[in-house]
Amino acid sequence: MLKASLNRVLTAIAKQLSLSPENLIQYAHEAPYAKVTPAGRTWPSGTGSISEKRILYAIARGLNPTLSLDIGTRWGASAVQIANSTVYPGIQPGSVISVDVETHMYGSKQPVGKFIPDTLKVELVISDAMLYLKMDTNMYELIYEDTDHTFESTEEIYKLALDRLVDGGVIISHDACHPKFKGAVVAGIRACGIEPQVYLVEGDSCGLSIWQKPKNGELKNASVIVSHKWEVPEEATVLGGGENVPSVFPELLNILSEEPPAPETREEDTEPPAPKRKKRKGKSRKAND
Ligand SMILES: C[S@@+](CC[C@H](N)C(=O)[O-])C[C@H]1O[C@@H](n2cnc3c(N)ncnc32)[C@H](O)[C@@H]1O
């Protein structure tokens, strides 16, 4: 994990994803809706920090995905970053499918996706993410996951989402090191047999995990579920061109070594409702279109 300034985090991400660090830094600092919504209001809490919005915009613009999946729409901040990055002049516009299990935010009258402007190509799907992914046939170049951050959800979503990711595609999770979630995000991802890099911008508390599917089509250990136990990383990975980055987030390592809560026993699933297409903004496309 790397905890560093925004530019150093971007440089490390560029290295991980074989993107230009100069471009990524430039894109991040240009991100039009990092501070405010398209309506000009400050983003509500729960949408990540300004730096994380800059990072998401920069990665999306660097990857220039044709089709992206945003899992956990809520206010629409992440969908806006991804969709907006692909309508920048000179870049081929792409589409975003954004999935949320709720129609409205926490029982309020505010609809999910409230801040996604009609000008952006975002298709909002109201569905449980797992159900959606089981039925989905699209292939995505970029998937952004930001749901409930439990071990179980993360693992299940990743197991399904990895099959929907093109070779070389990138999957990002939010709140990868938020103390509230006690390392569950990274543990859930690792349970799928993959090892993401985790980045935390200094001053932030959420963190992003990033993993890129190998470009040669071989998903190392993909079919091997390592363990359902929480795992403590043997040692923190320090990225950033060999510079001496201060030891990373020792408090997270402590949290990760704690025993997880006992999993809740669930009743056998009843037949779930089919995902409901709520509204369509722009045309969604299959990856190979
Ligand atoms: C932290 S918010 C997402 C914030 C959003 N990415 C943004 O930038 O505005 C989490 C959202 O995930 C949704 N969610 C939680 N579990 C889900 C699931 N299993 N499937 C789909 N959506 C889920 C919640 O309804 C909530 O709106």
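Residues numbered from 1 in each chain as written. Predicted model: local features only at pLDDT ≥ 70, side-chain atom pairs only at ≥ 80, totals over all residues.

1. Points about the environment of G40
On the secondary structure map, G40 appears in the loop between α2 (21-30) and α3 (50-63). Judged by the 8 C-beta atoms lying within 10 Å of it, G40 is exposed. Placed 75 residues apart in sequence, G40 and F115 show a C-alpha to C-alpha distance of 9.9 Å. (Helix = DSSP H or I, 4+ residues; strand = E, 2+ residues; numbered from the N terminus. Buried ≥ 20, exposed ≤ 12 C-beta atoms within 10 Å, placed from the backbone.)

2. Points about unusual backbone geometry
At H149, a residue that is not glycine, the phi angle is positive and equals roughly 65°. Along the polypeptide, H149 turns up in the loop between β5 (140-145) and α6 (151-161).

3. Re the site of the ligand
Around the ligand sit 20 residues, and of these G72, R74, A77, S78 and A129 come closest. Looking at the shell around the ligand, the elements that each hand over two or more residues are α4 (77-85) and β3 (95-100). Split by residue class, the shell around the ligand holds 6 nonpolar, 8 polar and 6 charged. (Near = placed C-beta within 6 Å. Nonpolar A, V, L, I, M, F, W, Y, C, P; charged D, E, K, R; others polar.)

4. Here's the deal with the nonpolar core
Counting residues in hydrophobic clusters, the biggest one holds 74 residues, and the most contacted among them are V9, A28, I55, A58 and I143. Among the elements that line this core, the one with the most residues is α3, at 7 residues. (Core = buried A, V, L, I, M, F, W, Y, C linked by C-beta atoms within 7 Å.)

5. Some words on the pairing of β3
A large share of β3 lies buried, amounting to 6 of its 6 residues. Burial along β3 is two-sided: S95, I97 and V99 facing one way and V96, S98 and D100 facing the other are all buried. Of the strand pairs in this sheet, β3 and strand β4 (residues 122-126) are connected by 5 bridges, and their pairing is parallel. From the neighbouring strand, D100 faces β4, where its bridge partner is I126. (Pairing = 2+ DSSP bridges.)

6. A short note on the environment of A39
Mapped onto the secondary structure, A39 falls in the loop between α2 and α3. Along the chain, A39 and P117 lie 78 residues apart, while their C-alpha atoms are 8.3 Å from each other.

7. Here we look at the packing of helix α1 (residues 6-17) against α2
Interaxial distance between α1 and α2 falls to 8 Å at its minimum, and their mutual angle equals 135°. Overall, the two elements α1 and α2 adopt an arrangement that is oblique. For the pair α1 and α2, the crossing hand works out as right-handed. For the pair α1 and α2, contact is made by L6, N7, L10, T11, I13 and A14 and by P21, L24, I25 and A28, respectively. Tallied by class, the residues present in the contact of α1 with α2 amount to 8 nonpolar, 2 polar and no charged. (Axes fitted to C-alpha atoms, helices over the stretch in contact; angles between N-to-C directions. Parallel < 35°, antiparallel > 145°, perpendicular 65-115°, else oblique. Left-handed = near helix turned anticlockwise from the far one by under 90°. Contact = placed C-beta atoms within 7 Å.)

8. Describing the confidence of the model for the protein chain
On average, residues of the protein chain score 80 in pLDDT, and 73% of them are at 70 or above. Counting interchain partners and residues more than four positions distant, the pLDDT-below-50 stretch residues 282-289 has 16 contacts. (pLDDT = per-residue confidence, 0-100.)

9. What about α2?
All buried positions along α2 are accounted for by L24, Y27 and A28. Summarising the axial view, the buried residues of α2 lie within an arc of 100°, below the 170-degree limit, and thus occupy one face. Next to the buried residues of α2 lie α1 and α3. (Arc of directions from axis to C-beta.)

10. Notes on the pairing of strand β8 (residues 208-212)
Bridge count for strand β6 (residues 165-174) against β8 is 5 bridges, and the pairing is antiparallel. Bridged to V170 within β8 is Q212.

11. Examining α3
Here α3 contains 14 residues, and its C-alpha end-to-end distance of 20 Å stays within 8% of the 20 Å for a straight helix at 1.5 Å per residue. Counting buried residues along α3, 13 of its 14 residues qualify, which places the element largely inside the surrounding structure. In the segment just after α3, N64 is the residue with positive phi, at about 50°. (Expected span 1.5 Å × (residues − 1).)

12. What to know about the environment of M105
One can find M105 in the loop between β3 and β4. Of the residues examined, M105 has 18 C-beta atoms within 10 Å and is grouped as partly exposed. The contact partners of M105, leaving out residues within four places of it in the chain, are R74, Q110 and V112.

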